[in-house]
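Breakdown of the fold
Spelled out from the first residue to the last, the chains are:
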Amino acid sequence: MLLRFIKNWALPISMTIGALGYIIGRELPLSADIKGDIVKGVEILQPALLFCMLFVTFCKVPPSALKPKMLHLWLIMIQCVFFIVTCIVLYFFPQTEYRLLAETFLLVMICPTATACAVVTSKLGGDAGLTTSYTILICIVTAIIISIFLPLASARHGMNFLPTLLLILKHVFPLLLAPLFAAWGVRYFFPRLLNMILSQKDLGFHMWTVALSLAIAVTVRALYNSSISIMEMLGIAAVSLAGCLLQFGLGKAIGEHYGCRLEGGQALGQKNTIFAIWLGYTFLSPISATAGGFYSIWHNLVNTYQLYKHRRLEVKLET
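This section reports on the structure supplied with the text. (Residues numbered from 1 in each chain as written. Predicted model: local features only at pLDDT ≥ 70, side-chain atom pairs only at ≥ 80, totals over all residues. Heavy atoms only, no water.)

This next bit is on the layout of surface pockets. Each pocket or cavity is described by its volume, and for the largest pocket that value is around 1100 Å³. The wall of the largest pocket is formed by 44 residues, among which Val42, Gln46, Leu214, Val218 and Ile274 lie closest to the centre. Where the lining of the largest pocket is concerned, the elements lending two or more residues are helix H2 (10–27), helix H3 (32–59), helix H8 (161–189), helix H10 (203–224), helix H13 (273–283) and helix H14 (286–318). Considering each element in turn, the lining of the largest pocket owes the most residues, nine residues, to H10. Residue classes in the lining of the largest pocket are distributed as 25 nonpolar, 14 polar and five charged. (1 Å grid on protein atoms, 1.4 Å probe; cavity = no way out; pocket = protein on both sides within 12 Å on 5 of 7 lines; lining within 4 Å. Points joined across faces, edges and corners; volume = space filled by probe spheres on them. Helix = DSSP H or I, 4+ residues; strand = E, 2+ residues; numbered from the N terminus. Nonpolar A, V, L, I, M, F, W, Y, C, P; charged D, E, K, R; others polar.)

Looking now at the pattern of salt bridges. With the rule as written, the count across this model stands at two salt bridges. The shortest N-O distance in the salt bridge between Arg99 and Glu103 comes to 2.9 Å. Here the residue Arg99 and the residue Glu103 both occupy positions in helix H5 (residues 99–110), the gap between them amounting to four residues, near one helical turn. Overall, Glu103 belongs to the buried group, its relative accessible area being 6%. Across the salt bridge formed by Arg261 and Glu256, the nearest N and O atoms sit 3.5 Å from each other. We classify Arg261 as partly exposed; its relative accessible area is 43%. (Salt bridge = Lys/Arg side-chain N within 4 Å of Asp/Glu carboxyl O. Buried < 20%, exposed > 50% of the residue type's maximum accessible area, 1.4 Å probe, protein only.)

The element H13 is extensively covered by neighbouring structure, given that eight of its 11 residues are classed as buried. Listing the buried residues of H13 in full gives Thr273, Phe275, Ala276, Ile277, Trp278, Leu279, Gly280 and Phe283.

Pasting the structure below:
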């Protein structure tokens with residue numbers, strides 16, 4: 001009974017463990033050196049887990065499934081148009097009292113798809129290949145679009161296209177392409193190992209629950225360390241929630257037109273929130289960076305609800 005409960009509610013349990021883990025760890029009477037070592041350990045463990053998770057997921061996706069679709073084009077257009085328009089508004093009205101909310105909106109709209117999107121899509125019974133293709137495409141597109149248009153919105157000067165592009169690509173691509181090529185290598189040269197990996201049905205999802213705990217811990221840490229007021233926090237939370245619901249809704253609506261309702265919603269709605277936090281800190285402000293933290297909570301709550309509905313449907317079909 002307990003194991004079934006943990007399995008059914010893995011995402012909210014992971015989120016709770018991550019949040020409480022950071023809060024408790026922060027209050028423990030440990031030296032600054034030990035706490036620093038823990039932070040460094042998390043910084044090493046998190047990408048290692050994501051690499052393994054993506055490797056397992058990519059092993060299940062044949063290269064032939066990674067084809068651009070018309071759905072991808074529409075989703076890319078949605079992200080880019082909202083982002084570019086917001087950047088232009090901030091360029092002409094840099095001192096607007098709503099600047100923080102506008103920065104929040106542009107961050108959650110242009111943020112690329114989460115590397116774990118394929119894992120959740122597969123768990124929901126969708127086409128992991130379709131969301132994997134979009135994850136790769138949107139990482140390329142957002143790197144270029146951000147490099148061109150973010151200087152319009154940023155208060156920081158000296159942002160040049162090529163250095164910014166290379167910095168973003170360096171931050172995103174190693175973790176995305178390395179497991180992809182490793183998985184293809186296993187597929188073609190080690191078929192027995194591939195069969196062993198494929199026999200572990202939920203291995204990638206279990207890795208994701210651990211990675212999610214770490215991601216939420218990083219999110220809570222970012223919120224703790226930000227000089228954010230209650231009103232600013234509520235505003236960022238509200239705008240990031242609106243952006244989350246908007247993108248899941250638009251993604252599902254467009255995806256339904258192409259027979260990919262689930263995949264469209266996941267591709268557009270599930271975000272690489274660690275990238276959003278980094279993007280805010282690097283190019284905008286530490287306060288706006290908390291948008292990624294709030295979005296992490298919202299999109300995982302949406303995923304929790306979707307997994308709940310999916311389980312209900314499976315039980316109904318079995319009976």
